Every structure is written in structure tokens, then in C-alpha cells.
Amino acid sequence: MDVKTVGVVGAGQMGNGIAHVFALAGYEVTLNDISADALDRALGIIGKNLDRQVSREKITEAEKQAALGRISTTTVLTDLGSSDLIIEAATERETVKTAIFEDLQPHLKPTTILTSNTSSISITRLASRTDRPEKFMGFHFMNPVPVMQLVELIRGIATDEETYHSLLKVVESLGKTAASAEDFPAFIVNRILMPMINEAVYTLYEGVGSVRSIDESMKLGANHPMGPLELADFIGLDTCLAIMNVLHEGLADTKYRPCPLLTKYVEAGWLGRKTNRGFYDYRGETPVPTR
Ligand code: CAA
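Computed from a predicted model, the values in this text were never measured in an experiment.

## Quick word on the pattern of salt bridges
Working step 1: Following the criterion strictly, the structure yields 15 salt bridges and no others.
Working step 2: Connected via shared salt-bridge partners are Asp51, Glu61 and Lys64.

Here it is in C-alpha cells:
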């Protein structure tokens, strides 16, 4: 299957990054969201991130303009019907994702590949609810999408080889590197990363360190580009908690229990950067630790 046109569902943090890298690599992209405001915001963010790449001489102004010219937006899901590849990057709720695939599939070509950017939901289960489980895969990008090199490719139990090889070629064409993961809770990156973040929250909860000392320790002591609490705020504390719950329930092992302090931050609506408050308060000039 030769992929030329891509439909991206969801214009949030991941969806706009995915649209950005596909457009820059020469694909025609249709970006869909139920909110017209979210689409406007996404185009603004894509423009700013492309500007950043121009100013660092990663791309030229002409390449930026060409990429922007390849992105169209729509609030009508079925406008994505003619795409060769669909990437669902909507809210991380199974009912939402299933409904999107159900609404979309009567409008798709029989050859269209369906993918989800889910960070933890079973690919086999999502695939089984569609009319093409053999053409369904997990296609997991990392945040920030334009910068991070890795894409996880997750085959469901029914995914065929042709679909897998088509997506491998697509990842190469983006200049990124694919890692194959089996379809078990949270795949590879989040299976390892989230328990580390959760452990950092326990370290804070038990008073072993402060927000600052925990982050400094992992930046300077383990050479991580961000401390684990700063990274949790960057990913979103609701996402971190949802992934810990998937690990806890899916693997039925108490070592994955979410830290009560993580739950409390989410209950407070302190979800990290996106709400301007999490382990840090982002409302001022510089981030200030909240504990
Ligand atoms: N779009 C385009 N370019 C961007 C960008 C964006 N959104 N964000 C940063 N950049 C570019 C910058 O222009 C800069 O480019 P150069 O190297 O050419 O100078 C480079 O990225 C570094 O950016 P900055 O200098 O602004 O900042 P930094 O050095 O502090 O790096 C970071 C920022 C890349 C985010 C770095 O802190 C980092 O790698 N953090 C860890 C990110 C991470 O772990 N992501 C995975 C999260 S897990 C996940 O995504 C899976 C999931 O399901 C939850």
C-alpha cells in the first residue's frame, strides 16, 4: 500500500505534532477535530514550531510554507474518507476511539490503513471493533513529535505483514526510527517510563526529596533531559495516571499502583503544563515547585 494522503483525528498536543511531521515529509494531511477552535489553535502551534525549525536552520522558509500548504482542516470526520492512512489521536478513552472508527469506516476505501496513537489501550481490542482488524495497528508517536526520533509500531493479533511493512516505510519516510512492540499494556516506552515517573511521585509523597531535588537528581545524576516531575507535567498528569491504571489493571501487579499523590493532583485539576499547574506552577515568569 503506497501512502500519500493521511487523515489525523484529534488536533491536540499529539495530533498537531503528527500533522506537522507528515506535512513536512510531503504527505497531504487532513486534520480533523470536533472543535473549530482546536483546529485554529493547532495550526497556530504548527506554524510556531515550523518557525522554530526555520530559525534553527533545520528547514527553509519555502519548506515551511509548502508543509503548511499540505495541511487542510475539517470538523467533519467523514472528510477523512479518501485518506490512505488514518491516525487517530483523539482523547485517550476507549469509547471515544471506538466511536470514531465506527463512524469513519463506512466512508473509507477498503485499502485504508487504520491506526491509533493510543499510549496504552489494547490494539487487538480496538482492531476487533473495526471492519478491518488485519489493516489496524498501533502507531505511537512521542511528545514533542517533531523532535522525538522514535515511533512504536504495535501489531494487534490480526494485523497482517503488508500493513506492518507499509507503516515501517512510512516511519522511514518521516526520518524517524520504528521500534516494534507486542500488544501488552503500555507497550515498551510507557511500560518503563511511567513506573519511573510514578516512583518519582512516591519519592516526593514519602518526603525523600522535594520537587526540585528529585528533578535535579535525575537530570544531573542520570543525564535525563528533563526531571521526572517536569516530564510528568509535560506529558499531563491525567495521562500519566491513566497509563498507571492501565498497567495496574492489565498486569494485575501491585507494583504498578498509582501513587495517591498523583491521584490527588489529578483530582485538583492540576494536570501539568496544559492547565498551568502541576508539580510546578507555570503562571509566572519561571516555573515554581508546588511542593
Ligand atoms: N517542535 C519543533 N521543534 C521543537 C519542539 C517542537 N514542539 N520542541 C523543541 N523543539 C526543538 C528546538 O527547536 C531545539 O532544536 P535544536 O536542537 O535544533 O536547537 C530542540 O528541540 C531542543 O529544544 P529546546 O532547546 O527548546 O529545549 P530543550 O533542549 O530543553 O529540549 C525537549 C526540549 C526536546 C522537550 C527535551 O527536554 C526532551 O527531550 N525532554 C524529554 C521528552 C520526552 O521524554 N518525551 C517523551 C514523553 S513520553 C511520550 O511521549 C509517550 C506517551 O505516550 C506519554
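Still more to cover.
## Side note on the packing of aromatic side chains
Working step 1: A full pass over the atoms with the stated rule returns nine aromatic pairs.
Working step 2: Their ring planes at 75° and their centres at 6.4 Å tell us that Phe22 and Phe139 sit as a pair that is edge-to-face. Taken together, the residues Phe22 in helix H1 (residues 13-24) and Phe139 in strand E6 (residues 136-141) connect sequence positions 117 residues apart.
Working step 3: The exposure class assigned to Phe22 is buried, which follows from its relative accessible area of 0%.
Working step 4: Each member of the aromatic cluster is reached from another via a ring pair, and the members are Phe22, Tyr27, Phe139 and Phe141.

## A closer look at the site of the ligand
Working step 1: Around the ligand there are 19 residues in total, and Arg56, Lys58, His140, Asn143 and Asn190 lie nearest to it.
Working step 2: Contact between the ligand and Asn49: a nitrogen atom at 3.3 Å from a side-chain N or O atom of the residue.
Working step 3: Here Asn190 contributes a side-chain N or O atom positioned 2.9 Å from an oxygen atom of the ligand.
Working step 4: Out of a free accessible area of 1,100 Å², the ligand has 71% covered by protein chains.

## Re the packing of helix H7 (residues 189-205) against helix H10 (residues 237-251)
Working step 1: Where H7 contacts H10, the two axes come as close as 10 Å, and the packing angle between them is 110°. Here H10 runs roughly perpendicular to H7, going by the angle between their axes. Every pair of crossing elements has a handedness; the one defined by H7 and H10 is left-handed. Counted together, Asn190, Arg191, Met194, Pro195, Ile197 and Asn198 of H7 and Cys240, Ile243, Met244, Leu247 and Leu251 of H10 form the full contact between these two elements.
Working step 2: Tallied by class, residues from the contact of H7 with H10 come to eight nonpolar, two polar and one charged.

## A word on the domain arrangement of the chain
Working step 1: Here the domain parsing of the chain yields domain 1 (5-181) and domain 2 (191-289).
Working step 2: Counting from both sides, the interface comprises five residues of domain 1 and, opposite them, four residues of domain 2.
Working step 3: The interface formed by domain 1 and domain 2 includes zero salt bridges.
Working step 4: Counting across the domain 1 and domain 2 interface gives zero residue pairs in polar contact (both at pLDDT 80 or more).
Working step 5: Here the residues of the side of domain 1 that touches domain 2 sort into one nonpolar, four polar and no charged.

## Some words on the sheet that holds strand E2 (residues 28-32)
Working step 1: One open sheet holds the eight strands; their spatial order is E3-E2-E1-E4-E5-E6-E7-E8, and the pairing between them is mixed. Edge positions in the sheet fall to strand E3 (71-74) and strand E8 (177-181), since each of these pairs with one other strand and no more. Pairwise comparison of adjacent strand axes, ignoring direction, gives a mean angle of 25° for this sheet.
Working step 2: Direction of pairing for strand E7 (residues 150-155) relative to E8: parallel, over a ladder of five bridges. Its bridge partner lying in E8, Glu152 is registered against Ala179.

## Some thoughts on the UniProt feature "domain: 3-hydroxyacyl-CoA dehydrogenase C-terminal" (unreviewed entry) in the chain
Working step 1: Here the UniProt-annotated "domain: 3-hydroxyacyl-CoA dehydrogenase C-terminal" (unreviewed entry) positions come out as residues 187-282.
Working step 2: The span residues 187-282 is 62% helix and 2% strand, and its two end C-alpha atoms sit 31 Å from each other.

## Thoughts on the nonpolar core
Working step 1: Judged by nonpolar contacts, the single largest core of 36 residues is most densely connected at Phe22, Leu85, Phe139 and Phe141.
Working step 2: Those elements that provide at least two residues to this core are strand E1 (5-9), H1, E2, helix H2 (36-55), strand E4 (85-88), E6, E7 and helix H6 (161-173).
Working step 3: The greatest single-element share of this core, amounting to six residues, is contributed by H1.
Working step 4: Grouped together as the second largest cluster of nonpolar side chains are 28 residues, Leu229, Leu237, Tyr256 and Tyr280 included.

## Notes on the environment of Ser116
Working step 1: For Ser116, the position within the fold is in strand E5 (residues 113-116).
Working step 2: Looking at Ser116, the relative accessible area reads 0%, which means it is buried.
Working step 3: A sequence separation of 26 residues divides Ser116 from Ala90, and the C-alpha atoms of the two residues are 8.7 Å apart.
Working step 4: For Ser116, the contacting residues outside a window of four places in its chain are Glu88, Lys97, Phe101, Leu126, Phe136, Met137, Gly138 and Phe139.

Scoring rules and cut-offs
Residues numbered from 1 in each chain as written. Predicted model: local features only at pLDDT ≥ 70, side-chain atom pairs only at ≥ 80, totals over all residues. Heavy atoms only, no water. Salt bridge = Lys/Arg side-chain N within 4 Å of Asp/Glu carboxyl O. Phe/Tyr/Trp six-rings, centres within 6.5 Å; stacked < 30°, edge-to-face > 60°. Helix = DSSP H or I, 4+ residues; strand = E, 2+ residues; numbered from the N terminus. Buried < 20%, exposed > 50% of the residue type's maximum accessible area, 1.4 Å probe, protein only. Near = heavy atom within 4 Å. Polar contact = N/O pair within 3.5 Å; in protein donor to acceptor, adjacent residues only side chain to side chain. Areas by Shrake-Rupley, 256 points an atom, 1.4 Å probe, with all protein chains shown as cover. Axes fitted to C-alpha atoms, helices over the stretch in contact; angles between N-to-C directions. Parallel < 35°, antiparallel > 145°, perpendicular 65-115°, else oblique. Left-handed = near helix turned anticlockwise from the far one by under 90°. Contact = heavy atoms within 4.5 Å. Nonpolar A, V, L, I, M, F, W, Y, C, P; charged D, E, K, R; others polar. Domains from an automatic or database assignment. Pairing = 2+ DSSP bridges. UniProt positions renumbered as here; feature names shortened; annotations may be inferred. Core = buried A, V, L, I, M, F, W, Y, C linked by side-chain atoms within 4.5 Å.

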